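# A structural walkthrough
So the chains spell out like this:
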Amino acid sequence: MNARENWGSRFGFIMAAAGSAVGLGNIWRFPYMTGTNGGAAFLLIYLGIIIAFGLSLAMAEMVLGRAAQRSAVGAFRTMGGRRWAVAGYMGIVTGFVILSFYIVVAGWTLAYIVMMARGALGAGQNYGDLFGAFVSSPVEPIAYAGLFMLVTALVVASGIGAGIERWNKVLMPALFALLLILVVRSLTLPGAAKGVEYYLVPDFSEVTAGTFRSAIAQAFFSLSIGMGTMLTYGSYLGKHERLPSAALTVVLIDTTVAVLAGLMILPAVFAYGLNPGEGPGLTFVTLPAVFAAMPFGALFGVLFFTLLAIAALTSAISLLEPMIAYFVDERGVSRARAVWIMSAICFALGIPASLSFGAMAGVKFFGFNWFDLMDFLANTIMLPIGGLLLAIFIGWFWSKPALAALSNQGALHQPWAPVWMFVLRFVAPVGIVWILLSGLF
Ligand code: TRP
C-alpha cells in the first residue's frame, strides 16, 4: 500500500472540516427549523446543545481518527478490537443513506441557479406550484442530482490534497463572502426589523420536548457527527497539530454560519410579509417570492442558490470520503475505482429519493415515502446511534489513550480535559438515548 495522504496545512484541514459541517443543514434546514420551532427560543436551545455536547463529540471523532490514521472501520478496529469495527461499518451505511437524499436536494439548488438566471422565477407566479411541478417531474431533478454526484465524485477522486483540500480552500471563503453580502442585503430591507426580533427575542411558551429533540438532531447533522466524517478528516491530520483549537474553530464556523443563515433569510421573509413557518419549502418557495419583490432580485437569487450549492458540494464531498477511505485503507482498492463505483451506487439510490416527490409519492414504507424514510433513518436513528457508540467507546473503553492523544501525549496543557471526558461518559449518552427513545415512540 502506498503512503497515506495528509492535509497540506492546518488551514486546509479546518476549511475541509468546516466545509463538511456547513451545508444544506445550515442554510436550508436550520432557518426553517427555527421558523417552525418558535424562533429565538430554538436558537438558544440549539446553542446550548452545541456547547453541552456537540463540540465534545466533534473533538472525540477527530481525536480517534488522528490517533489511528485510518478510516472509521480501521480506527475502531485497531483501537477497540474486532467488535467495535461495527461502529465504523455503520458509518459507511449511513453515508449511503444520507448521500442518496442529499444529492437530490443539492440538485434542486443547481436547478434553481439556472431558473433564477433565466428569469423563470419572475414576479407574480405561484412559487409553490412551480416548485411542486419541478420536483415531481421524472427526469430533470434526477439529471441534476446526477450532475451534482458527478462533480462531487470528480473532487473526491482527485484525492485529499489536490481534490478535497484544494476545493474547500477556494469554495469556503467564497461562501463566506456570498453569505455576508446576502445578510447585509436582507437586514437593510424595509421592515427587516420584525424578522430580527422574531429571530433574537425568545418566547419560551412554545418550547416542548420535541423542540429539544429537533435541536439535538439538527446539531448532529449540522456538525457532521455520528458517521465517521470528522473521524476520517481527522485521520489525515498530523499528530503534532493542536487538535482542540482546530475542532473549536470548526464548530464556531458552523454555528456562526447557521446563525447568519437565519439572519439572512428570516428578516427578508418578514420584510415581504411571508410566513416563516413554511417548513422545508422556505428556501425554494418563500425565497423566490422575496427575490421577485426585491430590486435586482434575480442577481441576489443567483447568488443565494450558488451559496447553497457550494455549501452542499463541500458537505457531499465529506459524505462520500469516509466510505472511499475504507475501501482504500482496508481493502486496497484504488481511490478512483472506489469513487466511481460508490458514486454510481449513491446516484442509483438517489433515483427513488427524487421520485418520492413524483411517480413514487404513493409508495410507502412504514408510512414514509422513500425520501422521508431515508431522512428519518439517518437523522433520527443512525446518526444518534453512531454518536452514542462513539461517546461510549471513547468515554468508557478508550479514555486514557484519548486523553493522551488529545494533549499530544502531554505536550499541551488542558485543564478542561476532565470536562470533555465527563461529557462523553455521561452527558452525551444520556442525551442521545433520550432523543432516540422519544423519537421512536
Ligand atoms: N453537515 C452537513 C450539513 O449541515 C451534512 C453532512 C456532511 C453530514 N457530512 C455529514 C451529516 C456527516 C452527518 C454526518 O448539511
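Structure: above.
A brief structural summary.

### Some remarks on the pattern of salt bridges
Pairs may arise between side chains of opposite charge once their charged atoms sit close together. Taken as a whole and assessed by the stated rule, the structure comprises 6 salt bridges. Close ionic contact of R10 with E241 constitutes a salt bridge, the shortest N to O distance being 3.5 Å. Here R10, found in helix α1 (residues 10–21), pairs with E241, found in the loop between α11 (229–234) and α12 (243–271); they are 231 residues apart in sequence, far enough to count as distant. A salt bridge links E330 to R70, with the nearest nitrogen and oxygen atoms 2.9 Å apart. Of the two residues, E330 sits in helix α14 (residues 297–331) while R70 sits in the loop between α3 (40–68) and α4 (72–80), which places them 260 residues apart along the sequence. Since its relative accessible area comes to 26%, R70 is described here as partly exposed.

### Quick word on the packing of α12 against helix α13 (residues 286–293)
Helix-helix packing is characterised by the crossing angle of the two axes and by the distance between the axes. One can describe the packing of α12 onto α13 by two numbers: an axis separation of 10 Å at closest approach and a directional angle of 65°. As judged from the angle between their axes, α12 and α13 are roughly perpendicular. The hand of the α12/α13 crossing is left-handed. Residue-level contacts link I265, A268 and V269 of α12 to T286, L287 and V290 of α13. Tallied by class, residues from the contact of α12 with α13 come to 5 nonpolar, 1 polar and no charged.

### Brief notes about unusual backbone geometry
The backbone phi angle of S224 is positive, close to 60°, even though this residue is not glycine. Considering the arrangement of structural elements, one finds S224 in the loop between α10 (209–223) and α11. The buried category is assigned to S224, whose relative accessible area is 12%. Of note in this structure, F296 is not a glycine but carries a positive phi near 55°. Mapped onto the elements of the fold, F296 is located in the loop between α13 and α14. For F296, a relative accessible area of 68% gives the class exposed.

### Describing the site of the ligand
By nearness alone, 17 residues border the ligand, and A21, G25, Y102, F221 and S224 come closest of all. A21 is positioned with one of its backbone polar atoms (N or O) 3.0 Å from an oxygen atom of the ligand. Measuring from an oxygen atom of the ligand, one finds a backbone N or O atom of L24 at 3.1 Å. Computed on the free molecule, the ligand has an accessible area of 360 Å², of which 100% lies beneath the protein chains in the complex. Comparing atom positions with the cavity grids shows the ligand to sit within the largest cavity. At the level of secondary structure, the elements contributing two or more residues to the shell around the ligand comprise α1, α2 (24–36), α5 (85–117), α10 and α14.

### Here's the deal with the packing of α5 against helix α6 (residues 127–136)
Across the interface, α5 lies against α6 with an axial gap of 12 Å and an inter-helix angle of 125°. When the axes of α5 and α6 are compared, the pair comes out oblique. In the packing of α5 onto α6, the handedness of the crossing is right-handed. Residues W108, A111, Y112 and M115 of α5 form the contact with α6, whose participating residues are F131, F134 and V135. Class assignment of the residues belonging to the contact of α5 with α6 gives a composition of 7 nonpolar, no polar and no charged.

### Quick look at empty space enclosed by the protein
By the definition in use, this model includes 4 cavities of 30 Å³ or more. Approximately 160 Å³ is the volume found for the largest cavity. If you trace the largest cavity, you find 20 residues lining it, with S20, Y102, F221, S224 and L319 closest to the centre. Counting only elements with at least two residues in the lining of the largest cavity, the list comes to α1, α2, α5, α10 and α14. Looking at the lining of the largest cavity residue by residue, the class counts come to 11 nonpolar, 9 polar and no charged.

About the cut-offs
- Residues numbered from 1 in each chain as written.
- Predicted model: local features only at pLDDT ≥ 70, side-chain atom pairs only at ≥ 80, totals over all residues.
- Heavy atoms only, no water.
- Salt bridge = Lys/Arg side-chain N within 4 Å of Asp/Glu carboxyl O.
- Helix = DSSP H or I, 4+ residues; strand = E, 2+ residues; numbered from the N terminus.
- Buried < 20%, exposed > 50% of the residue type's maximum accessible area, 1.4 Å probe, protein only.
- Axes fitted to C-alpha atoms, helices over the stretch in contact; angles between N-to-C directions.
- Parallel < 35°, antiparallel > 145°, perpendicular 65-115°, else oblique.
- Left-handed = near helix turned anticlockwise from the far one by under 90°.
- Contact = heavy atoms within 4.5 Å.
- Nonpolar A, V, L, I, M, F, W, Y, C, P; charged D, E, K, R; others polar.
- Near = heavy atom within 4 Å.
- Polar contact = N/O pair within 3.5 Å; in protein donor to acceptor, adjacent residues only side chain to side chain.
- Areas by Shrake-Rupley, 256 points an atom, 1.4 Å probe, with all protein chains shown as cover.
- 1 Å grid on protein atoms, 1.4 Å probe; cavity = no way out; pocket = protein on both sides within 12 Å on 5 of 7 lines; lining within 4 Å.
- Sits in = over half its atoms within 2 Å of the grid points.
- Points joined across faces, edges and corners; volume = space filled by probe spheres on them.

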